[in-house]
Amino acid sequence: MINMTRILYGPLYSRRLGMSLGVDMIPYKYCSYNCIYCHEGETTLLTVERSEFIPRDRVLEALSTLAGQEAVRGRTLDYITLAGSGEPTLDINIGLYIRYLKEHSPVPVAVITNSSLLSEEEAREALLKADLVVPSLDAVTEEAFRSINRPHPGLPLKDVLDGLKEFCRRFEGDVWLEVLLCRGYNDSTAELEKMAAYIEDLEVDKVQLNTVARPPAETFALPADMETLVAFRERIGERAEIIEDEQTLERESLEMSLRSGMTALLRRRAHTRDELSRVLGRSGHEVVKVLTRMEREGLVERSHVKGRYLYRMKSTQ
Ligand code: SF4
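These notes cover the structure that comes with them.

What counts and how
- Residues numbered from 1 in each chain as written.
- Predicted model: local features only at pLDDT ≥ 70, side-chain atom pairs only at ≥ 80, totals over all residues.
- Helix = DSSP H or I, 4+ residues; strand = E, 2+ residues; numbered from the N terminus.
- Rg over C-alpha atoms; globule rule 2.2 N^0.38 Å.
- Buried ≥ 20, exposed ≤ 12 C-beta atoms within 10 Å, placed from the backbone.
- Contact = placed C-beta atoms within 7 Å.
- Core = buried A, V, L, I, M, F, W, Y, C linked by C-beta atoms within 7 Å.
- Pairing = 2+ DSSP bridges.
- Axes fitted to C-alpha atoms, helices over the stretch in contact; angles between N-to-C directions.

1. Topic: the overall build of the chain
And step 1. Regarding its fold elements, the chain presents twelve helices and twelve strands.
And step 2. At 20 Å, the chain has a C-alpha radius of gyration in line with the 20 Å of a compact globule built from 317 residues.
And step 3. Over its C-alpha atoms, taken along the principal directions, the chain stretches across nearly 65 × 45 × 35 Å.
And step 4. Evaluated residue by residue, the chain yields a buried proportion of 37% over its 317 residues.
And step 5. Look at the contacts in the chain between residues 6 or more apart in sequence, and 71% of them connect residues 24 or more apart.

In structure tokens, the structure reads:
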């Protein structure tokens, strides 16, 4: 039997994509980069070999289940997003999955990629049928690239930059470039000036500036200053926006501490919402919001016992 929750996840809400359902065809955590800021943790298999990691028929069966879902048929979702815990273009069948979704669902298809494999003609071709591609780019000098993205040794930066440019030139859908700034790694005036010059010629609809907001793979990956982000947004011009403003950062760090507190308690034993609220000193409303999100993400399960709801962490077995 297919473990659909392994391939499909969500729906999740994000400020950028709205409500989206995710498709993850890459085992945790295979990637062509090992970014110091990755919130998925350290890359366990650093690779640039495109391959079939989950048998194609299993993924297609999951996509067929997804296409039949109410939210997809009724088009209450903003996107179906191919992303997940590693780099999705490593899957050699990604083009097939995009075409399948376009043929069987009315919901636009988005792909979130680190851009590395856009240096390969087949990977560029595979994404052409998507509606939206969100490629990332954090560096335009070898030194910054090697220190922040820690790429596979077989990935020359020049090939990545040329591949991204070529893809943007050919792609007819929307492209939102994401740039993540990390203090001391890619936020120097010299690096940002070179990056701005590269972006000037890039055919993208938006440039979304981001910084470290979730727990990073390395503790030394720190957020860039807000002034640096603002100055870089001004330098890029009207296509640029900051997607992690101070309020978002503050809200996310509050949520992060609530999540980790709840995870520790719910691992030990089941709790009611009121118990969590009392022990953690947070309002019932805040607790429910985060609990609901964790439940949707498949992390927490709820049971009804003697007239009250009990929550516990789901077993990962
Ligand atoms: S490219 Fe994305 S998934 Fe891969 S290491 Fe970097 S942040 Fe993590």
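2. Considerations on the nonpolar core
And step 1. With 74 residues, the main nonpolar core has Ile80, Ala110 and Cys182 as its most contacted residues.
And step 2. By residue number, the principal contributor to this core is strand 8 (residues 174-181), which donates six residues.
And step 3. With residues up to four places along the chain from it excluded, the contact list for Ile80 reads Ser20, Leu21, Val23, Leu66, Leu101, Ser105, Val107 and Val109.

3. Things to note about the sheet that holds strand 9 (residues 206-211)
And step 1. If you trace the eight strands from one edge of the open sheet to the other, you get 1-2-5-6-7-8-9-10, paired in mixed fashion. Where the open sheet ends on each side, the last strands, each with one partner, are strand 1 (8-14) and strand 10 (240-242). Across this sheet, the average inter-strand angle for adjacent strands is 25°, counted without regard to direction.
And step 2. Two elements, strand 7 (residues 132-135) and strand 8, share two bridges in a ladder whose sense is parallel. Note that in strand 8 the partner of Val133 across the bridge is Val175.

4. Some thoughts on the pairing of strand 1
And step 1. In terms of strand pairing, strand 1 meets strand 2 (residues 18-23) through five bridges, oriented antiparallel. Residue pairing for strand 2: Tyr13 is matched across the bridge by Met19.
And step 2. Counting the residues between successive antiparallel strands, the hairpin from strand 1 to strand 2 contains three residues.

Such coordinate-based values are descriptive only and should not be taken to indicate function.
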